[in-house]
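Next come the chains, spelled out residue by residue.
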Amino acid sequence: MQVLNNAKLRRFALNWLVGVAALVLALAGCSSAPVSTTGPAQQPKNIIIMFADGAAPVQWDFGRYSSSVLRRQPFATTDVVFREGAVGLLSTNPHGPYVTDSAAAASAMSIGAKVANGAVSITPDGKPGRTVMQAAKAAGKRIGLVTTATVYDATPAAFSINAKSRRDSQALVDLYLALEPDVLLGGGADYFLPAATPGGKRKDGKDIIAMFRAHGHQVARNSAELKGATGAKLIGLFADEDMDFELDRDPAQEPTTAEMAAAALKALSQQSPNGFVLLVENENTDTAGHANDAASLMRALWAFDDAVKVALEFQRRNPGTLVIVTGDHETGGFSPTYALKDLSSLSSGNRFYAGDDQLRMLERITMSFNMMREKLGKKPSGEVLDGLLVKNFPGFKLDPDLRELILKQQALDRNFTYVPQNVLGRMVARQTGYYWGTSGHTPEPVLVGAIGPGAELFLGYQDNTDFGKHLHRLITGK
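For clarity, every value in this text was computed on a predicted model and none was experimentally measured. (Residues numbered from 1 in each chain as written. Predicted model: local features only at pLDDT ≥ 70, side-chain atom pairs only at ≥ 80, totals over all residues. Heavy atoms only, no water.)

Asks: Honestly, the side chain of Thr432 in this entry has me stumped. Any pointers?
Replies: Position of Thr432 relative to the elements: it lies in helix H17 (residues 421-432). Taking the relative accessible area as the measure of exposure, Thr432 reaches 0% and is therefore buried. Of note is the side chain of Thr432, whose polar atom sits 2.7 Å from the backbone oxygen of Val428. (Helix = DSSP H or I, 4+ residues; strand = E, 2+ residues; numbered from the N terminus. Buried < 20%, exposed > 50% of the residue type's maximum accessible area, 1.4 Å probe, protein only. Polar contact = N/O pair within 3.5 Å; in protein donor to acceptor, adjacent residues only side chain to side chain.)

Right under this line is the structure:
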């Protein structure tokens, strides 16, 4: 082996150092003083966690692009939080398999430890981990939970309480009563009410809404009551189960994510010398992904971003506030792309690219796939199917192979388990280029953006358990 002379060695060392320095500067955003995530972090008074279930980088960019083209509005998540704040990536795998469910992902982000799919902040050895909201309450902070899902769904539950299974809804509601969050807004009135009342499912005859009221919570059951709420403690349940997609939502009954976020901030700001921790989740981004419903996803992202703007405005008036925007996993393998117009030719001349025109086709859709399923019933007829398509999907054509799958209630493949939603998703994809790879979750890393005191902790590529550890550190100062 030839030995390098001293001059060559010096040149080699110098070039190597220059290259390493350039890489470090690039990774640090060209800063000459890289941010430390191990030293003392500035402790925020308030923490607002904006959480879009099922959203990863491609969903965020779809929100940005569609908002710019169709609403002609900036998308605060990308244009403010990601651009001006600290940005990182989180791996999402649970204890055991590679692909997570929402309970395991949210649990890791809450207690800072891996759990098995289906568990709610309970580690594999059966021990409860301290949740973000439990830590916040112990630190003297007020706590709030907002979601478009049932309030006892995986994400809000994992950030708050501990249970072996996410499926034991009645027990989860009982644990909420014991924790007594200051604000609780979303769907899921069913397990707060006894089975003898309309929409109720509780088997023990208890009225948990009445118990919250007895503990000093103001109760809101529709948008007007939420708007009129003035107290420091608030519970609002606006649907028996999940709240509706934007395409289907009755604004008189169900408030927007932004309206719920604003009401939560109004309540939590009162009697709050030590600040608060608030989780605001839009679950419809995940539900739309499962259904492969690009039009509903688009509007869910807009609704979520409107709530982000509410959080940022609150932060502007209260500078000691940390705003975090993230998701728990990616749902649906969302992959806008270019595709063949038909199968008559493989030539590039027979290709189209997903763009503005295709986006406007999505905008003309007036019904979610989940509502289509409800309207079609368990035994869909061709006549009803055709009528719904003409009325709610103008400009779309249902190919014979897809029509047969819907009428026979058959799945596209083994990883597509929502019928007819996934079949309708393929119909839309063939004509717009908005394709999906699955009806389930994927292990794509999720983005986290943070702006405000302590934001630097979330920089770089980390595990989702690190997210939980950072939150506890910011809450407790340890």
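Asks: Any chance you could explain empty space enclosed by the protein here in plain terms?
Replies: Over the atoms rolls a probe the size of a water molecule, and its path tells where empty space is left. Taken as a whole and judged by the stated rule, the model has 2 cavities of 30 Å³ or more. Counted as a void, the largest cavity has a volume near 40 Å³. Considering only enclosed or pocket space, the second largest cavity measures out at about 30 Å³ in volume. Lining of the second largest cavity is provided by Asn292, Leu412, Phe416, Asn422, Gly425, Arg426, Ala429, Tyr435 and Trp436. At the level of secondary structure, the elements contributing two or more residues to the lining of the second largest cavity comprise H17 and strand E13 (434-436). The greatest single-element share of the lining of the second largest cavity, amounting to 4 residues, is contributed by H17. (1 Å grid on protein atoms, 1.4 Å probe; cavity = no way out; pocket = protein on both sides within 12 Å on 5 of 7 lines; lining within 4 Å. Points joined across faces, edges and corners; volume = space filled by probe spheres on them.)

Asks: I tried to follow the side chain of Lys233 on my own but got confused; where do I start?
Replies: In this fold, Lys233 is placed in the loop between helix H9 (223-227) and strand E6 (234-237). A distance of 2.8 Å separates the side chain of Lys233 from the side chain of Glu180, its partner in a polar contact. For Lys233, the side chain forms a polar contact with the main-chain oxygen of His215, separated by 3.0 Å. Excluding its chain neighbours within four sequence positions, the residues that come into contact with Lys233 are Arg142, Glu180, Asp182, His215, Gly216, His217 and Gln218. (Contact = heavy atoms within 4.5 Å.)

Asks: Could you clarify how one ought to interpret the sheet that holds strand E2 (residues 86-91) in this entry?
Replies: The strand order across the open sheet formed by 10 strands is E5-E6-E4-E3-E7-E1-E8-E15-E2-E16, and the pairing between neighbours is mixed. Strands with a single pairing partner mark the edges of an open sheet, and in this sheet they are strand E5 (218-220) and strand E16 (460-463). Across this sheet, the average inter-strand angle for adjacent strands is 15 degrees, counted without regard to direction. By the bridge criterion, 4 bridges tie strand E4 (residues 183-187) to E6 in an arrangement that is parallel. When the sheet's bridge partners are listed, Val183 is paired in E6 with Leu234. Each of strand E1 (46-52), strand E3 (142-150), E4, E6 and strand E7 (276-282) is contacted by helix H10 (residues 257-268), which is oriented at about 165 degrees to E3, the strand it contacts most. Running at roughly 95 degrees to E16, helix H18 (residues 464-476) makes contact with E1, E2, E7, strand E8 (321-326), strand E15 (446-451) and E16 of the sheet. (Pairing = 2+ DSSP bridges. Axes fitted to C-alpha atoms, helices over the stretch in contact; angles between N-to-C directions.)

Asks: Before we go on, may I ask you to explain the pattern of salt bridges in this structure?
Replies: Opposite charge on two side chains allows them to pair when their charged atoms are near. Applying the stated criterion to the full structure yields 21 salt bridges. The salt bridge partner of Arg202 is Asp174, with a shortest N-O separation of 2.8 Å. You can see Arg202 sitting in the loop between E4 and helix H8 (208-214) and its partner Asp174 sitting in helix H7 (residues 169-179), a full 28 residues away along the chain. What makes Arg202 buried here is its relative accessible area of 1%. Residue classification places Asp174 among the partly exposed positions, given a relative accessible area of 29%. For Lys201, the salt bridge is made with Asp190, and the minimal N-O distance between the two is 3.6 Å. Remark: Asp190 occurs in the loop between E4 and H8 and Lys201 occurs in the loop between E4 and H8; sequence separation between them is 11 residues. (Salt bridge = Lys/Arg side-chain N within 4 Å of Asp/Glu carboxyl O.)

Asks: Which parts of the structure should I look at to understand the packing of helix H13 (residues 356-363) against H17?
Replies: When two helices pack together, their arrangement is given by the angle between the helix axes and the distance between those axes. Across the interface, H13 lies against H17 with an axial gap of 9 Å and an inter-helix angle of 150 degrees. The orientation of H13 with respect to H17, classified from their angle, is roughly antiparallel. Contact with H13, carried on its side by Gln358, Met361 and Leu362, involves Val428, Gln431 and Thr432 of H17 and no other residues of that element. Residues of the contact of H13 with H17, tallied by class, amount to 3 nonpolar, 3 polar and no charged. (Parallel < 35°, antiparallel > 145°, perpendicular 65-115°, else oblique. Nonpolar A, V, L, I, M, F, W, Y, C, P; charged D, E, K, R; others polar.)

Asks: How do you make sense of the environment of Ser121 when you look at a structure like this?
Replies: Looking at the secondary structure, you find Ser121 in the loop between helix H4 (102-111) and helix H5 (132-138). Assessed through its relative accessible area of 0%, Ser121 is described here as buried. Ignoring anything within four residues of it in the chain, the contact list for Ser121 reads Ser107, Ser110, Ile111, Val115, Lys127, Pro128, Gly129, Thr131, Ala158, Ile161 and Asn162. A polar contact of 2.7 Å, which involves the side chain of Ser121, links it to the backbone oxygen of Ala158.

Asks: How should the layout of surface pockets be read in this particular structure?
Replies: One number sums up the size of the largest pocket: a volume of about 980 Å³. Forming the walls of the largest pocket are 34 residues, and the residues nearest its centre are Glu241, Asp242, Glu283, Thr287 and Asn370. Sorting the residues of the lining of the largest pocket by element identifies E3, helix H11 (284-291) and helix H14 (369-376) as the ones contributing at least two each. Residue contributions to the lining of the largest pocket peak at 5 residues, all from H11. Residues belonging to the lining of the largest pocket are distributed by class as follows: 9 nonpolar, 11 polar and 14 charged.

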